[in-house]
Amino acid sequence: MAQAPAGEASSARRTLIRRLWEGMLHAMAIVTVRVIPRSGRTQVLRGPGGEVVIRVRSAPEGGRATAQAAAALASLLGLPKSAVTLRSGARSRIKIFVVDGVSQDRLSEVIDGL
């Protein structure tokens, strides 16, 4: 297999890196929520201080409450469950989720409508 001249190879490499970088610059938002496990029903609402509160039915065992909170957040935004990932707070009631496929502005609009 013949190798391309040095200038062409670096140009192709720059193009590949640019395309990869552009692909990573998609809409993404971060949201901090307080999860209340063992609630009567699963719902997303605003707390008295304006924070996002997610009530879930499951107990905080084995990550079930966190998974249910992520699913409720995804449902609120009309996204698949896989679009919401936990960034921190696996063993805490205060959690930070990263939401792919929605901008921070759009997330704020949805939350303000609660």
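Every residue gets a number counted from 1 within its own chain, in the order that chain's sequence is written. Thresholds applied to this predicted model are a pLDDT of at least 70 for local features of residues and 80 or more for the giving and counting of side-chain atom pairs; totals over whole chains, interfaces and linings are not thresholded and use all residues. Excluding hydrogens and water, the side-chain values take into account all heavy atoms of the structure.

Please set out the side chain of S39 residue by residue, giving values where relevant.
Put simply, DSSP H or I for four residues or longer makes a helix, DSSP E for two residues or longer makes a strand, and each gets a number counted from the N terminus. In this structure, S39 sits in the loop between strand 1 (28–36) and strand 2 (43–46). Should any heavy atoms of two residues lie within 4.5 Å, those residues are counted as being in contact. The residues touching S39, leaving out its near neighbours within four places in the chain, are R55, V56 and R57.

I'd like a description of the pairing of strand 1, backed by residues and values.
Across seven bridges, the pairing between strand 1 and strand 5 (residues 94–100) is antiparallel. Following the sheet pairing, V33 is matched in strand 5 by K95. Pairing between two strands is assigned when DSSP locates at least 2 bridges connecting them. Taken together, the four bridges between strand 1 and strand 3 (residues 52–55) define a ladder with parallel strand orientation. Among the inter-strand pairings, R34 is bridged to a residue of strand 3, identified as V53.

Before we move on, could you go through the environment of K95 and cite the residues and values that matter?
Topologically, K95 is positioned in strand 5. On a C-alpha basis, the gap between K95 and A70 in space is 9.9 Å, while along the polypeptide they are 25 residues apart. The residues contacting K95, other than those within four sequence positions of it, are V31, T32, V33, V35, T66, L86, S88, G89 and A90. A polar side-chain atom of K95 sits 2.6 Å from the main-chain carbonyl oxygen of G89. Think of a polar contact as two N or O atoms within 3.5 Å of one another; within protein, one of them needs to be a possible hydrogen donor and the other a possible acceptor, and neighboring residues in sequence only count if both atoms come from side chains.

Tell me about the layout of surface pockets, and name the residues and values.
Reported here for the largest pocket is a volume of approximately 200 Å³. Lining the largest pocket we find 14 residues, and of these P60, T66, A90, R91 and K95 sit closest to its centre. The residue inventory of the lining of the largest pocket, partitioned by class, reads five nonpolar, four polar and five charged. With a 1 Å grid laid over protein atoms only, a set of points is called a cavity when a 1.4 Å probe fits there but cannot get out and a pocket when it is open yet has protein on both sides within 12 Å along at least five of seven lines; lining residues have an atom within 4 Å of a point. Grid points are joined across faces, edges and corners, and a volume is the space filled by probe spheres set on the points. Under the convention adopted here, Pro, Cys and the residues Ala, Val, Leu, Ile, Met, Phe, Trp and Tyr are nonpolar, Asp, Glu, Lys and Arg are charged, and Gly plus all remaining residues are polar.

Before we move on, can you summarise the pattern of salt bridges with the specific residues and values?
Should a side-chain nitrogen of Lys or Arg be within 4 Å of a carboxyl oxygen of Asp or Glu, the pair is scored as a salt bridge. In this structure the tally under the stated criterion is four salt bridges. R64 is paired through a salt bridge with E61; the nearest N and O atoms lie 3.2 Å apart. Judged by its relative accessible area of 44%, E61 is partly exposed. A salt bridge links R106 to E109; its shortest N-O distance comes to 3.4 Å. Here R106 and its partner E109 are both found in helix 3 (residues 104–112), three residues apart, which amounts to about one turn of the helix. Exposure categories follow from relative accessible area, calculated using a 1.4 Å probe and restricted to protein chains: below 20% of the type maximum is buried, above 50% is exposed, and the middle band is partly exposed. Here R106 falls in the partly exposed class, since its relative accessible area comes to 44%.

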